[in-house]
Amino acid sequence: MHVLNTCVRAALAGGALASALLIASPAAHADNPATGKGSAAAQSMAETAARLPKISSMDVLKLARSQVGISENAKGGGTKFQHWYMSTPRARETLARDGGALTDYLNAPWCDMFVSWVGQQLGIGPVMGSDAYTVEHAQWFADHGRWGHTPKPGAVVFFSWSGSEDIDDIQHVGFVVKDNGNGTIQTIEGNTGDGGAVEVRTRPTSQVAGYGYPMYPGDVSASASS
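The rules behind these values
Residues numbered from 1 in each chain as written. Predicted model: local features only at pLDDT ≥ 70, side-chain atom pairs only at ≥ 80, totals over all residues. Heavy atoms only, no water. Helix = DSSP H or I, 4+ residues; strand = E, 2+ residues; numbered from the N terminus. Expected span 1.5 Å × (residues − 1). Buried < 20%, exposed > 50% of the residue type's maximum accessible area, 1.4 Å probe, protein only. Arc of directions from axis to C-beta. Phe/Tyr/Trp six-rings, centres within 6.5 Å; stacked < 30°, edge-to-face > 60°. Polar contact = N/O pair within 3.5 Å; in protein donor to acceptor, adjacent residues only side chain to side chain. Contact = heavy atoms within 4.5 Å. Pairing = 2+ DSSP bridges.

Chemist: Can you help me understand helix α1 (residues 39-50) in this one?
Modeler: The periodicity of an α-helix, 3.6 residues per turn, causes residues three or four positions apart to be oriented the same way. With 12 residues, α1 extends 17 Å between its outermost C-alpha atoms, agreeing within 8% with the 16 Å of an ideal straight helix rising 1.5 Å per residue. Taken together, the buried positions of α1 are A42, M45, T48 and A49. Angularly, the buried residues of α1 cover 120° about the axis, an arc narrow enough to put them on a single face. Those residues of α1 that are exposed and aimed more than 90 degrees away from the buried face are S39, A40 and A50.

Chemist: Before we go on, may I ask you to explain unusual backbone geometry in this structure?
Modeler: Trans peptide bonds make up most of the peptide bonds, and negative phi angles are found at most residues other than glycine. If you check the backbone angles, N191 has positive phi at about 55° while not being a glycine. With respect to the element layout, N191 can be found in strand β4 (residues 184-192). Given a relative accessible area of 0%, N191 falls into the buried group.

Chemist: Whenever I open this one, the packing of aromatic side chains confuses me. Can you help?
Modeler: Each aromatic ring pair is described using two quantities: the centre-to-centre distance and the angle formed by the ring planes. Under the criterion given, the structure shown has 10 aromatic pairs. Both rings, one in F141 and one in F158, keep their centres 6.1 Å apart while their planes meet at 65°; by these two values the pair is edge-to-face. Of this pair, F141 sits in helix α7 (residues 134-143) while F158 sits in strand β2 (residues 156-159), placing them 17 residues apart in sequence. When sorted by exposure, F141 lands in the same class as F158, which is buried. With centroids separated by 5.6 Å and ring planes inclined at 50°, the aromatic side chains of W147 and F158 adopt a geometry described as tilted. With a gap of 11 residues between them, W147 in strand β1 (residues 147-148) and F158 in strand β2 connect regions that are remote in the sequence. F158 shares its class with W147; the two are buried.

Chemist: Honestly, the side chain of T184 in this entry has me stumped. Any pointers?
Modeler: Examined against the element boundaries, T184 turns out to sit in strand β4. At a separation of 2.9 Å, a polar atom in the side chain of T184 contacts the side chain of N180. Within the local environment of T184, its side chain forms a polar contact with the side chain of N182, the two groups lying 2.6 Å apart. Excluding residues within four positions of it along the chain, T184 makes contact with D179, T202, R203, P204 and T205.

Chemist: Is there a simple way to explain the pairing of β4 in this structure?
Modeler: Residues in a regular strand point their side chains to alternate faces of the sheet. Burial analysis of β4 places 9 of its 9 residues in the buried class, the great majority of the element. Two elements, strand β3 (residues 172-179) and β4, share 4 bridges in a ladder whose sense is antiparallel. When the sheet's bridge partners are listed, D179 is paired in β4 with I185. In sequence, β3 turns back onto β4 through a hairpin of 4 residues, with G181 there showing a positive phi of about 75°. Counted along the chain from β4 to the antiparallel partner strand β5 (residues 197-204), the turn is 4 residues long, and its residue G193 has a positive phi close to 80°.

Here you go:
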């Protein structure tokens, strides 16, 4: 799936449309994850993070970078990220939410499956989140008070090519490597480029809808902000 703006609801393959999604308005999203909007959810995530392996944002970026060059087949899929996602209980949950067939994931847009795979491989899925649909994954971060607009290494970056900051306009996702300080960020993304691959990219921040901040257990500041 090399067309970037198709990296959205993977389970819609075959035309299976979901019922209306309940997406919160942008005004409801926490700009500063440290403020703990949705404090109960934020506290629950902090308690969960304390029990997970001491993985840092740099560990996540190292694993993500090691996957650079992996690409999809001529049908737009067949990657290990899609195969993994199909094998998880989460795939059945998102299938029930979005409709379609489990096999649709095999050749569906896989940018968010890549992000989810990285978290699972390192044992931090509960603080990374797991989804095939970028809008729902972004909303998960917002619901946990881990959503904002500052690019930080290891943040999960959500893109809207129109420049919209509305969560329901999100079309693509990856990891922030660094803020270049010139209105661009360096990223690692799955399902990107002409061949649909894992690549290191440079993106203008004007195309960023927002950032999700996993509460990395190995980062010293994880209990306060990421």
